Amino acid sequence: MLLNIEHHTRYAYSEDVNYTIQELRLTPQHGFGQHVRHWDIKVNGELQPSQDAYGNVTHTLVVDAPHSELLIVAAGQIETGLDAVSQHMALPLPIYLRDTPLTQYSAEIVAFASHYLQPQRQNAALEDMMHALLARVQYIKGATQVTTSAVEAFALGQGVCQDHAHVFIACCRAIALPARYVSGYLFTEDGSLMQTHAWADVFVACEGWQSFDVSNGCRAGETHVRLATGLDYRSASPISGMRSGGGIEGMASSVIVNQAGLVVEQPKKINTVQLLEQAQLNRVARAEAVLERQSQYAQQQ
């Protein structure tokens, strides 16, 4: 499958930002069933390429001139569904048994995972656990935040793809199976997913890394394009960083994944004006939330 991808991330600030530095994990690599035909990142700032500890291609973005908005555009073409699947690991396998604040497991998660552990049929057991987890933690947008942990999402019984990946990783590590977080893109024929996606890799003895997309109840395959891997969302997130100044920040992002050569009545495109408006609305919402918390704190004193 040949996929054209366009990913816009827009920031809007209530005040001028003096300095921005961000780490971008927005560059897919060859291997794991995919081949990068071409790829480019556009931004009004300096980009310095490198590779992180997990083997991800990263770019350090620096913007040292005052700015009140920031637009990052990553786009290119990826061929997927290839037979060649690299099992190269930049780090020793035991690293992926480490828990993190986002992937720690509770006694309830251990019990849930242990129910499905059958060493003689690990792949089948993992698929059973994936489907059970999707039934246990329903896909509900807005129920969780990027800071929600696996324990919290499992107890809540709601979450999105990030939460499903974190809980599945926690389950695997709880039963001594190395697992890692994967960030990337997902092609859907109706274009319903206009954002980045997340799933999990699990290392199965004698078979290597196997990919599980819990949110869709399937193995990750030719409709998936991987960007980065890590121990959790924080080490594999597409964009992370810090800034000086800027006041309240608003962010909005949109992703379009089209199949090359597919005849459609109207090709899907990103409306950059609407994206900026959404970022500005999100900034206002964050400002209102800050004022609300301050008011509640004052009333408690």
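Report follows, based on the coordinates. Position numbers for residues count from 1 along each chain, tracking the sequence in the order it is written. Local features in this predicted model are restricted to residues of pLDDT 70 or higher, and side-chain atom pairs are both shown and tallied only at a pLDDT of 80 or more, whereas totals for entire chains, interfaces and linings draw on every residue. Here the side-chain values reflect all heavy atoms present in the structure, with hydrogen atoms and water set aside.

We now examine the overall build of the chain. Helix and strand definitions follow DSSP, with helices as H or I runs of at least four residues and strands as E runs of at least two, each counted in order from the N terminus. Across its full length, the chain carries 6 helices and 14 strands. The C-alpha atoms of the chain give a radius of gyration of 20 Å, which matches the 19 Å a tight globule of 301 residues would have. Each principal axis of the C-alpha distribution contributes one length, and for the chain these read about 60 × 60 × 40 Å. Within the span of the chain, comprising 301 residues, buried residues form 47% of the whole. Contacts were defined at the residue level, with two residues in contact if any of their heavy atoms lie within 4.5 Å. Long-range contacts, defined here as pairs at least 24 residues apart, represent 74% of the contacts in the chain between residues at least 6 apart. With an accessible surface of roughly 14,800 Å², the chain has 50% of that area assigned to carbon and sulfur atoms. Charge assignment: positive for Lys and Arg, negative for Asp and Glu; neither His nor the chain ends contribute. Taken as the charge location is NZ of Lys, CZ of Arg, CG of Asp or CD of Glu. Computing the positive centroid from 19 side-chain charges and the negative centroid from 29, the chain places the two 1 Å apart. Radius of gyration here uses only the C-alpha atoms, and the compact-globule reference equals 2.2 Å multiplied by the residue count raised to the power 0.38. Throughout, exposure labels follow a simple rule: accessible area from a 1.4 Å probe, protein chains only, divided by the maximum for the residue type, with under 20% read as buried, over 50% as exposed, and the rest as partly exposed. Only the protein chains shown count as covering a residue, and every accessible area follows the Shrake-Rupley method with a 1.4 Å probe.

Moving on to the packing of helix α2 (residues 122–136) against helix α4 (residues 161–174). Contact pair α2 / α4: the axes reach a minimum separation of 11 Å and the direction vectors enclose 135°. By the angle class used here, α2 and α4 are oblique. Crossing of α2 against α4: the hand is right-handed. From α2, Leu126, Met129, Met130, Leu133 and Leu134 reach across to α4, where they touch His164, Val167, Phe168, Cys171 and Cys172. Every axis in this analysis is a line fitted to C-alpha atoms, fitted for helices over the stretch in contact. Angles between the N-to-C directions lie between 0 and 180 degrees. Angles below 35 degrees are treated as roughly parallel, those above 145 as roughly antiparallel, those between 65 and 115 as roughly perpendicular, and all remaining angles as oblique. Crossing handedness is defined as follows: a turn of the near helix away from the far one that is anticlockwise and smaller than a right angle gives a left-handed crossing, while the clockwise case is right-handed.

Our next topic: unusual backbone geometry. Unusually for a residue other than glycine, Phe32 sits at a positive phi of about 55°. Residue position: Phe32 is located in the loop between β1 (2–24) and β2 (34–43). The phi angle at Ala176 is positive, at roughly 65°, despite the residue not being glycine. Position of Ala176 relative to the elements: it lies in the loop between α4 and β8 (179–186).

To continue, consider the packing of helix α1 (residues 107–116) against α2. Packed helix pairs are characterised by how far apart their axes lie and by the angle those axes make with each other. In the contact formed by α1 and α2, the axes pass within 9 Å of each other and the chain directions differ by 140°. In terms of axis orientation, α1 runs oblique to α2. Between α1 and α2 lies a crossing of right-handed hand. Along the contact surface, α1 presents Phe112, Ala113 and Tyr116, while α2 presents Ala125, Asp128, Met129, Ala132, Leu133 and Arg136. Ten residue types, Ala, Val, Leu, Ile, Met, Phe, Trp, Tyr, Cys and Pro, are classed as nonpolar, four, Asp, Glu, Lys and Arg, as charged, and the remainder, Gly among them, as polar. A class-by-class count of the residues in the contact of α1 with α2 yields 7 nonpolar, no polar and 2 charged.

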